[in-house]
Amino acid sequence: MSGDVLVSARGLEVHFPIGGRGLRGKPAGVLRAVDGVDLDIVRGETLGLVGESGCGKSTLGNALLRLVPTTGGSIMYDGTDITSLDRRGLKEMRRRAGMVFQDPFASLDPRRTVAQTVSEPLEVHGLRKGRDKAARVAELLELVGLDAGVAGRYPHEFSGGQRQRVGIARALAGEPDFLVCDEAIASLDVSVQAQVLNLLRRLQRQLGLTLLFISHDLSAVRHISDRIAVMYLGRVVEIGPAEAVGTDPQMPYTQALLSAVPLPHPKLERERKRIVLTGDVPSPAAVPSGCRFRTRCPYVFEPCDDVDPALQPVGAPGQQAACHLHGVVGTPVSTTPDGVTTTP
Amino acid sequence: MTAGAPPVLEVEDLRVRLRTPRGPADVVNGLSYTVGAGETVAVVGESGSGKSVSVLALLGLLPARVATVTGRAVLQGEDLLTMKPERLRQVRGPGAGMVFQDPMTSLNPVLTIGRQLVEGIRAHGDVDKAAARRRAAELLAEVGLPDPEGTLDRYPHELSGGMRQRVIIAIALSNSPALLIADEATTALDVTVQAQIIDLVEKLQAERGTGVIWITHDLGVVAGIADRVLVMYGGRCVEDGTVDDVLENPVHPYTRGLLGALPDLAQPAVDGVVPDLATVPGVPPAPTDLPKGCVFWPRCPVRGDARCETEQPPLAVIGSADVALPHRAATWCLEGTSGAGSPEGGLR
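None of these values were measured; they are calculated from a predicted model. (Residues numbered from 1 in each chain as written. Chains lettered and ligands numbered in written order. Predicted model: local features only at pLDDT ≥ 70, side-chain atom pairs only at ≥ 80, totals over all residues. Heavy atoms only, no water.)

### Some points on the confidence of the model for chain B
For any part of a model where pLDDT is low, the fine detail of the predicted coordinates should not be relied upon.
All names here are of chain B.
Line of reasoning, step 1. Across chain B, pLDDT averages 87, with 94% of residues at or above 70.
Line of reasoning, step 2. Within chain B, the element-level pLDDT minimum falls on helix 7 (residues 191–208), averaging 87, and the maximum on strand 3 (residues 40–44), averaging 96.
Line of reasoning, step 3. The model gives residues 336–348 a pLDDT under 50, and that stretch makes 19 contacts with residues more than four places away or in other chains. (pLDDT = per-residue confidence, 0-100. Helix = DSSP H or I, 4+ residues; strand = E, 2+ residues; numbered from the N terminus. Contact = heavy atoms within 4.5 Å.)

### Considerations on the interface of chain A and chain B
Line of reasoning, step 1. Facing 39 residues of chain A, the contacting portion of chain B comprises 48 residues.
Line of reasoning, step 2. Buried surface at the junction of chain A and chain B, both sides included, amounts to about 3700 Å², of which 57% is carbon and sulfur.
Line of reasoning, step 3. On the chain A side of the contact with chain B, A:Val190, A:Arg222 and A:Pro264 bury the most area, a combined 16% of that side's loss.
Line of reasoning, step 4. Along the contact surface separating chain A from chain B lie two salt bridges.
Line of reasoning, step 5. Connecting chain A to chain B are 12 residue pairs in polar contact (both at pLDDT 80 or more). (Buried area = accessible area lost by both parts, 1.4 Å probe. Salt bridge = Lys/Arg side-chain N within 4 Å of Asp/Glu carboxyl O. Polar contact = N/O pair within 3.5 Å; in protein donor to acceptor, adjacent residues only side chain to side chain.)

### Here we look at the packing of helix 4 (residues 129–142) of chain B against helix 7 of chain B
Residues and elements named next belong to chain B.
Line of reasoning, step 1. In the contact formed by helix 4 and helix 7, the axes pass within 11 Å of each other and the chain directions differ by 120 degrees. The orientation of helix 4 with respect to helix 7, classified from their angle, is oblique. Listed contacts from helix 7 to Arg135, Leu139 and Glu142 of helix 4 are Leu200, Lys203, Leu204, Glu207 and Arg208. (Axes fitted to C-alpha atoms, helices over the stretch in contact; angles between N-to-C directions. Parallel < 35°, antiparallel > 145°, perpendicular 65-115°, else oblique.)

### Describing the pairing of strand 6 (residues 96–99) of chain B
Where a strand is regular, its side chains alternate between the two sheet faces.
Residue and element names in this part refer to chain B.
Line of reasoning, step 1. Burial along strand 6 is two-sided: Ala96 and Met98 facing one way and Gly97 and Val99 facing the other are all buried.
Line of reasoning, step 2. Pairing between strand 6 and strand 7 (residues 179–183): four bridges, direction parallel. Bridge pairing in strand 7 places Ala96 opposite Leu179. (Buried < 20%, exposed > 50% of the residue type's maximum accessible area, 1.4 Å probe, protein only. Pairing = 2+ DSSP bridges.)

### Comments concerning the UniProt feature "domain: ABC transporter" (unreviewed entry) in chain B
Line of reasoning, step 1. Using the residue numbers shown here, the UniProt feature "domain: ABC transporter" (unreviewed entry) corresponds to residues 9–259 of chain B.
Line of reasoning, step 2. Taken as a whole, residues 9–259 of chain B contains 39% helix and 27% strand, while its terminal C-alpha atoms sit 28 Å from one another. (UniProt positions renumbered as here; feature names shortened; annotations may be inferred.)

### Looking at the packing of aromatic side chains
Line of reasoning, step 1. This structure, assessed with the given rule, holds seven aromatic pairs over all chains.
Line of reasoning, step 2. Seen in terms of ring centroids, A:Tyr232 and A:Tyr253 are 4.5 Å apart; in terms of plane orientation they differ by 55 degrees. Their pairing is tilted. Here the residue A:Tyr232 occupies a position in strand 9 (residues 227–232), and A:Tyr253 occupies one in helix 9 (residues 252–260), the gap between them amounting to 21 residues.
Line of reasoning, step 3. Under the relative-accessibility criterion, A:Tyr232 is labelled buried at 1%.
Line of reasoning, step 4. Owing to a relative accessible area of 0%, A:Tyr253 belongs among the buried residues under this scheme.
Line of reasoning, step 5. Here B:Tyr233 and B:Phe296 contribute two aromatic rings whose centre-to-centre distance is 5.2 Å and whose plane-to-plane angle is 90 degrees, an arrangement assigned as edge-to-face. Residue B:Tyr233 is located in strand 9 (residues 228–233), and its partner B:Phe296 is located in the loop between helix 10 (253–260) and strand 11 (316–318); the two are separated by 63 residues in the primary sequence.
Line of reasoning, step 6. Exposure remark for B:Tyr233: the relative accessible area of 2% places this residue in the buried category. (Phe/Tyr/Trp six-rings, centres within 6.5 Å; stacked < 30°, edge-to-face > 60°.)

### Notes on the state of the cysteines
All names here are of chain A.
Line of reasoning, step 1. The tally for this structure, following the rule as stated, stands at zero disulfides over all chains.
Line of reasoning, step 2. For Cys55, which is in no disulfide, the shortest distance to another cysteine sulfur is to Cys291 and amounts to 15 Å.
Line of reasoning, step 3. For Cys55, a relative accessible area of 3% corresponds to the buried category. (Disulfide = S-S within 2.5 Å.)

### Here we look at the domain arrangement of chain B
Residue and element names in this part refer to chain B.
Line of reasoning, step 1. The assigned domain composition of chain B is domain 1 (9–226) and domain 2 (233–329).
Line of reasoning, step 2. Here domain 1 and domain 2 have C-alpha centroids that lie 27 Å from each other.
Line of reasoning, step 3. Each partner contributes residues to the interface: domain 1 has 18 residues there, and domain 2 has 18 residues.
Line of reasoning, step 4. Taken together, both faces of the contact between domain 1 and domain 2 bury some 1400 Å²; the carbon and sulfur share is 61%.
Line of reasoning, step 5. Sorting the residues of domain 1 by area buried against domain 2 places Asn29, Glu46 and Leu219 first, and these three jointly supply 38% of that buried surface.
Line of reasoning, step 6. Taken together, the links from domain 1 to domain 2 amount to zero salt bridges.
Line of reasoning, step 7. Counting across the domain 1 and domain 2 interface gives five residue pairs in polar contact (both at pLDDT 80 or more). (Domains from an automatic or database assignment.)

### Comments concerning the pairing of strand 3 (residues 46–50) of chain A
Residue and element names in this part refer to chain A.
Line of reasoning, step 1. Buried residues dominate strand 3, accounting for five of its five residues.
Line of reasoning, step 2. Neither face of strand 3 is exposed, since Thr46, Gly48 and Val50 on one face and Leu47 and Leu49 on the opposite face are all buried.
Line of reasoning, step 3. Sheet topology places strand 3 next to strand 8 (residues 210–214); four bridges connect them, and they run parallel. Across the sheet, Leu49 pairs through a bridge with Ile214, a residue of strand 8.
Line of reasoning, step 4. Both strand 3 and strand 9 contribute to a ladder of four bridges, which runs parallel. Bridge pairing in strand 9 links Leu49 to Ala229.

### Focus: helix 3 (residues 113–124) of chain B
Line of reasoning, step 1. Between the first and last C-alpha of helix 3 of chain B there are 18 Å, a value that for 12 residues agrees with the 16 Å anticipated at 1.5 Å per step.
Line of reasoning, step 2. Every buried residue belonging to helix 3 of chain B is among B:Ile113, B:Gly114, B:Gln116, B:Leu117, B:Val118 and B:Ile121, and all of these are buried. (Expected span 1.5 Å × (residues − 1).)

### Concerning the sheet that holds strand 1 (residues 5–18) of chain A
All names here are of chain A.
Line of reasoning, step 1. Strand order across the open sheet formed by four strands is 2-1-4-5, with antiparallel pairing between neighbours. Strand pairing shows two members of the sheet lacking a second neighbour, strand 2 (29–42) and strand 5 (80–81), which therefore form its edges.
Line of reasoning, step 2. Across 11 bridges, strand 1 lies against strand 2 in antiparallel orientation. Bridge pairing links Ser8 to Asp40 in strand 2.
Line of reasoning, step 3. Across the sheet, helix 1 (residues 57–64) is in contact with strand 1, strand 2 and strand 4 (72–77); its angle to strand 1 comes to roughly 120 degrees.

### So, the nonpolar core
In a soluble, globular protein the nonpolar side chains are often hidden away together inside.
Line of reasoning, step 1. Counting residues in hydrophobic clusters, the biggest one holds 96 residues, and the most contacted among them are A:Leu141, A:Ile168, A:Leu172 and A:Tyr253.
Line of reasoning, step 2. Ranked by the residues each element gives to this core, the list is headed by helix 6 (residues 190–207) of chain A, at eight residues.
Line of reasoning, step 3. There are two domains that each give this core at least three residues, and those are domain 1 (9–226) and domain 2 (233–329) of chain B.
Line of reasoning, step 4. In contact with A:Ile168, other than residues within four places in its own chain, are A:Val100, A:Val144, A:Val196, A:Leu199, A:Leu200 and A:Leu203.
Line of reasoning, step 5. Of all hydrophobic cores here, the second largest spans 37 residues; its members include B:Val11, B:Leu80, B:Met83 and B:Leu230. (Core = buried A, V, L, I, M, F, W, Y, C linked by side-chain atoms within 4.5 Å.)

### Topic: unusual backbone geometry
Line of reasoning, step 1. The phi angle at A:Glu183 is positive, at roughly 50 degrees, despite the residue not being glycine.
Line of reasoning, step 2. Along the chain, A:Glu183 turns up in the loop between strand 7 (178–182) and helix 6.
Line of reasoning, step 3. The class for A:Glu183 is buried, based on a relative accessible area of 8%.
Line of reasoning, step 4. Despite not being glycine, B:Asp13 shows a phi value in the positive range, around 50 degrees.
Line of reasoning, step 5. The residue B:Asp13 is located in strand 1 (residues 9–20) in this model.
Line of reasoning, step 6. Given the relative accessible area of 37%, B:Asp13 is considered partly exposed.

Listed below in structure tokens is the structure:
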């Protein structure tokens, strides 16, 4: 890793109480959506965040913008700990960090014109007024490849891809330096996905943005990212340069995930060995002790039960994996009778 | 694949016109294909290409008030499109089973898994409740669900997405259909679960010789499972052939655009940078307002022929016609693409 770190999470936790009886009842359990994440996002890079549904990748993205309350750990944003920011500080931080959402049909207000939607951040942060504002909206629309003439139109007049462009223009309005894209291409058709992926790449270079690209689509993530982080059950289990993680993964989970991605090459597909994982992802309310992947891991061995693996450097420079196969590194755990761990 | 044996399904000139507030929409425009026993035909296309409607029409699942379906669709010797509704209902179970996209909504949330399975089994066979329940448990075991007996008494919300999709496949297979139609059956699932489901369908297909129509937009999935591929655009088949022909040597500008637009995990980076994706500009045509000539010409980067705008290109054989599955494409732009070595916009 090189360059300075823009966003840095240490021991980040987002736990939700679940299953309480009545409004005041004590919660029956804890859902560990994000459970001890250490993550550095370097200024100007695109970090891809992948994982299966329920692994906590969206919650992590939300937590980094403080859209969900964190229950532990810290998030440094350009040197400031944002977990303890007051309202004013938070407002400024949110100008500097934007978000592009998954569903372009749900994330735009159907009763507001494109201009109203895109200019809202300008008003909230008091950035532009009057004619300046209209000019800035036109500039933003052109930046994302829309005609400035569409400013007066309503979302229903647009296709999914165009709506996603409007969403990106809105996210860019406050001139952020950090953009979180949460499944931003998931609901688009292949040919439109390509348009939006190319747009994000161009914007990232042109504006020097730092991008967190959250997606379950490994091919897309590999395409757009400089580095890739893989999440499993609330933890980052592997991270490294996109090329290294994409071609030479060191963590058995990443290996299985990659081998399951279907490739559009019939000949390659026939020869390829697929690692089929058995079972489903365990519930984040009952995380296995030790290594959280051990219940599905084909290589499980002794230390996996009782040592919670930490990320350790393996493979290419800058690549890290949390797996005992590369040497037992981590925190020994004390197991409670029901098999649920408590990390000291 | 279809060595002499009659195909399970033979579709000929299938057309579907829907009545919409904006006038008639020609959603499927002359689709012809066959599915042999044990064969997997992948129907590929983007949203609005007519791929789902074309199979809903086959099974009589489109409301007659709005849909006009013409053509022929012969399933095991009987034409589905002229069949009486009662007969069609009998055919749906043992003749053709269907797996829909969304495992969250295609099960009834207030009925147990057991009841939903038993219902299907008893509707098509003279079996008592106890026998049907035993059969249901067998089916659940067959699709790889742990604790099949226990699962029978559980409700859909107690199962994960992958488990639900297995239940739906079990229901679709409960009457050993000759044809299985999977409409985006793995789209809502994670890749690891998708791999499990694909393995399952392939295994069951090999055991029973079921013909499969797999509808998807994911060309990666197609490469892994299909024997034959049919690419749909604007309600027409624009290219078809064996999976190798269509994905390795695509001819139609749309197929090539689609493949070029796909981020490819197998593509090596050049100087640490993966090149930009090729894009297909514009959006697919509205079925109420299809272009007069080639359906793709308004978005086509080639437009190599004066006829593109005015005349519809027929689905013509490319290369050798003397093979079991000729490679065909509906485009005027064959010259200059087929012989030109490695076409840009295709694979790498």
